[in-house]
Amino acid sequence: MAERAKKTRASRYRAIATRLQAEIRLGKHAVGDLLPTETELMARHRASRQTVREALRILMDQGLIVRRAGLGSIVIAAEPPVLFSHSVKSLAEWLRYSNETYREIVATRDVVADRKLAGLLKCEPGRNWFLIESVRRADQFAAPLGWVEIYVPRKFAGVVKRSDHGRAPVHEQIAKMYGQTTEYAQMEIFARSMPAPIAKALGVKAGSPALTVVRRYYGLREELFEVTITTHPEGRYTYTMDMQRALRPRL
């Protein structure tokens, strides 16, 4: 019950944020204007103060508003900046994207890894995979953040039918549905030219600069059960990581 309530609240504040994004984009709230107060938004959307604050936090993260004590929420942009900043504070957070982004499925199909694909996935040539192709977005109006290719064994193809598929990491969905846990994970980040087949979907030119992130997930006996490849156009996604030196224990 607690998990269901948490998901319901998350969908509520995202819905409120999307509504406010649309109003700002259409000029109902112009740059320099104040948004309705928290109390007004609570009444309008029949939502709690915490839900409204989460929705406003999304707008802040997207660079649409700033909040000033004693004044309110001020609109500073009609469109969110293209760049999305993903700040992580632990190694675990490197293995998943921000909760404020989501995947929009474009296509699914069965594929057989040729030598080139096998080298990227780090599997044996000829291996069969179920491929889920998606676009990663911060919201439905802004430019896509990247192109996502998710390779899983055919027996795990049912993850695409989950209601939370676009929001939750696939390796977590596989664990819930099939009991396959992640015992070891690996991530690679490298620059390359934007592949022509996905350039159009991302609204950029083929061959333009791109950042690619590859995540590989292994189960027991080092079995590779998922590979996710995300390609970001230049200037649309950045990682920041905070690290702190561990203090030595006092003797």
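Relevant structure appears above.
What counts, and where the lines are drawn
- Once a new chain begins, its residue numbering starts again from 1 and follows that chain's sequence as written.
- Whole-chain, interface and lining totals are the exception, using all residues; otherwise, since this is a predicted model, local features are given only for residues with pLDDT of at least 70 and side-chain atom pairs are given and counted only at 80 or more.
- In computing side-chain properties, one takes all heavy atoms of the structure into account and sets aside hydrogens as well as water.
- Paired strands, as defined in this entry, are two strands with at least two bridges between them according to DSSP.
- Runs of E in the DSSP output that reach at least two residues are strands. Runs of H or I that reach at least four are helices, and both are numbered from the N terminus.
- Fitted lines through C-alpha atoms give the axes, limited to the stretch in contact for helices. The angle between two N-to-C directions lies from 0 to 180 degrees.
- Note on definitions: a residue-residue contact is assigned when non-hydrogen atoms from the two residues lie within 4.5 Å.
- Each residue's exposure class comes from its accessible area (1.4 Å probe, protein chains only) as a fraction of the maximum for that residue type: buried when under 20%, exposed when over 50%, partly exposed otherwise.
- Starting at the helix axis, one direction is taken to each C-beta atom, and the arc is that of these directions.
- For salt bridges, the criterion is a side-chain nitrogen of Lys or Arg within 4 Å of an Asp or Glu carboxyl oxygen.
- For the purposes of this section, nonpolar cores are sets of buried Ala, Val, Leu, Ile, Met, Phe, Trp, Tyr and Cys residues that join through side-chain atoms within 4.5 Å.

Undergrad: Please explain the sheet that holds strand β4 (residues 102–112) as it appears in this structure.
TA: The strands that make up a sheet are held in pairs by hydrogen bonds between backbone atoms, and each pair lies either parallel or antiparallel. Pairing in this open sheet of six strands is antiparallel, and the strands run β4-β5-β6-β9-β8-β7 from one edge to the other. Looking at the sheet topology across the chains shown, the edges are occupied by β4 and β7 (184–193). Geometrically, the sheet is characterised by an average inter-axis angle of 15° between neighbouring strands, direction not taken into account. On the sheet, helix α6 (residues 170–178) packs against β4, β6 (146–152), β8 (209–218) and β9 (224–233) and is oriented at approximately 155° with respect to β9.

Undergrad: Would you mind showing me how to read unusual backbone geometry here?
TA: In most cases, non-glycine residues show a negative phi, while peptide bonds are predominantly trans. Although it is not a glycine, arginine 46 adopts a positive phi angle of roughly 55°. Mapping arginine 46 onto the fold places it in the loop between α2 (38–45) and α3 (49–61). Classification of arginine 46 as exposed rests on a relative accessible area of 78%. Unlike most non-glycine residues, lysine 122 shows phi in positive territory, near 65°. Structurally, lysine 122 is set in the loop between α5 (115–121) and β5 (128–137). On the basis of relative accessibility, which here comes to 43%, the residue lysine 122 falls in the partly exposed class.

Undergrad: Whenever I open this one, α6 confuses me. Can you help?
TA: In an α-helix, one turn spans 3.6 residues, which is why side chains three or four residues apart end up on the same side. For α6, the set of buried residues is Val170, His171, Gln173 and Ile174. The arc that holds the buried residues of α6, viewed along the axis, is 155°, so those residues lie on one side. Buried positions along α6 lie against β4, β6, β8 and β9. Just past α6, the residue glycine 179 takes up positive phi, approximately 75°.

Undergrad: Just checking my understanding: could you explain the pattern of salt bridges for this structure?
TA: Close approach of charged atoms lets side chains of opposite charge pair. For the structure shown, the criterion picks out 13 salt bridges. Lysine 122 is the partner of glutamate 188 in a salt bridge, and the nearest nitrogen-oxygen pair spans 3.0 Å. Within this pair, whereas glutamate 188 is found in strand β7, its partner lysine 122 is found in the loop between α5 and β5, the two being separated by 66 residues in sequence. Judged by its relative accessible area of 25%, glutamate 188 is partly exposed.

Undergrad: Can you walk me through the nonpolar core in this structure?
TA: The nonpolar side chains of a soluble globular protein tend to be buried, and buried together. With 17 residues, the main nonpolar core has Leu20, Ile24, Leu35, Leu56, Leu59, Leu64 and Ile65 as its most contacted residues. Listing elements by their share of this core, those giving two or more residues are α1 (2–25) and α3. Counting residues in each nonpolar core, the second largest holds 14 residues, with Val111, Leu117, Ala118 and Ile229 among its members.

On their own, these measurements won't tell you what the molecule is for.
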